[in-house]
Amino acid sequence: MAISTDQIMALGDDQMLSQFSLIFPNGIPGGGDAQTVALRMDTTFDPPEESVNVYEIFHKGFKIPKTGMLQEGTKEFTIEVRIDQQWQVYDDLKRWANLSYDHTNGTGFPDAMTRATVIVQAEDRSQSGVKQIVFRGAKPKSDKLPTFDNQSGDPARVQLTFIFVKMETA
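Residues numbered from 1 in each chain as written. Predicted model: local features only at pLDDT ≥ 70, side-chain atom pairs only at ≥ 80, totals over all residues. Heavy atoms only, no water.

Peer 1: Go over the overall build of the protein chain with me, naming the residues and quoting the values.
Peer 2: A tally of helices and strands in the protein chain yields four helices and eight strands. The secondary structure elements of the protein chain, listed N-terminal to C-terminal, are α-β-α-β-β-β-α-α-β-β-β-β. For 170 residues, the compact-globule estimate of 2.2 N^0.38 gives 15 Å, and the protein chain exceeds it by more than 25% at 21 Å. Taken across its 170 residues, the protein chain has 29% of its residues classed as buried. Look at the contacts in the protein chain between residues 6 or more apart in sequence, and 61% of them connect residues 24 or more apart. For the protein chain, the accessible area works out to roughly 11,700 Å², and carbon and sulfur atoms hold 52% of it. Here the protein chain carries 17 positive and 23 negative side-chain charges, and the mean point of each set is 8 Å from the other. (Helix = DSSP H or I, 4+ residues; strand = E, 2+ residues; numbered from the N terminus. Rg over C-alpha atoms; globule rule 2.2 N^0.38 Å. Buried < 20%, exposed > 50% of the residue type's maximum accessible area, 1.4 Å probe, protein only. Contact = heavy atoms within 4.5 Å. Areas by Shrake-Rupley, 256 points an atom, 1.4 Å probe, with all protein chains shown as cover. Lys, Arg positive; Asp, Glu negative; His and termini not counted. Charge placed at Lys NZ, Arg CZ, Asp CG, Glu CD.)

Have a look at this one:
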């Protein structure tokens with residue numbers, strides 16, 4: 001079957017990897033400027049893989065893989081956010097992380113107070129949302145300060161890893 005350029009062009013526009021937004025629809029637990037955090041996220045976002053457990057049946061020399069009924073995904077995602085000169089973005093995110101677990105005092109608030117919805121929204125060329133990856137029940141698991149470098153001209157970024165209860169696409 002011969003393919004023509006007209007058929008390829010009729011497929012429409014492709015989703016561009018750079019066209020996405022980070023959204024905190026209900027804000028950041030503990031306060032903070034969710035829009036500023038979203039605007040300072042300027043690197044990659046790698047969604048977690050959804051996977052299921054697999055078991056094997058062996059019979060007379062045959063091996064048959066079957067899917068089980070357990071989720072095996074990591075239930076984690078990571079974002080990197082540029083730190084502003086006054087470190088306000090870092091302080092906003094660290095305040096949320098400290099609600100989950102305060103490393104200074106060894107305390108934490110109840111889960112219901114520390115979890116939030118986080119959305120990564122794919123957008124079209126006019127910046128309208130076309131698909132959302134929704135992380136329900138997300139909360140910070142870890143944060144890593146930047147590696148300072150005397151020879152770098154790049155901005156400092158904080159890396160945050162989140163855990164979540166459920167990932168869905170809408």
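Peer 1: Now, about the packing of aromatic side chains: what can you tell me, with residues and values included?
Peer 2: Summed over all chains, the structure comprises nine aromatic pairs. Geometrically, the ring pair formed by Phe77 and Phe162 is stacked, given 5.1 Å between the ring centres and 10° between the ring planes. Residue Phe77 is located in strand S4 (residues 76-82), and its partner Phe162 is located in strand S7 (residues 157-163); the two are separated by 85 residues in the primary sequence. Here Phe77 matches Phe162 in class, with each residue buried. The interplanar angle of 40° and the centroid separation of 6.1 Å between the aromatic rings of Phe77 and Phe164 together place this pair among those described as tilted. (Phe/Tyr/Trp six-rings, centres within 6.5 Å; stacked < 30°, edge-to-face > 60°.)

Peer 1: Would you mind going over the pattern of salt bridges in detail, with residue names and values included?
Peer 2: Applying the stated criterion to the full structure yields 11 salt bridges. With a closest N to O distance of 3.0 Å, Asp42 and Arg157 form a salt bridge. Highlighted residues: Asp42 in the loop between helix H2 (34-39) and strand S2 (52-59) and Arg157 in strand S7, separated in sequence by 115 residues. On the accessibility criterion, Arg157 (21% relative accessible area) is partly exposed. In this structure, the salt-bridge partner of Asp143 is Lys94, at a minimum N-O distance of 3.1 Å. With Asp143 in strand S6 (residues 129-144) and Lys94 in helix H3 (residues 88-100), this residue pair connects regions lying 49 residues apart in the sequence. (Salt bridge = Lys/Arg side-chain N within 4 Å of Asp/Glu carboxyl O.)

Keep in mind that these numbers describe shape and distance, not what the molecule does.
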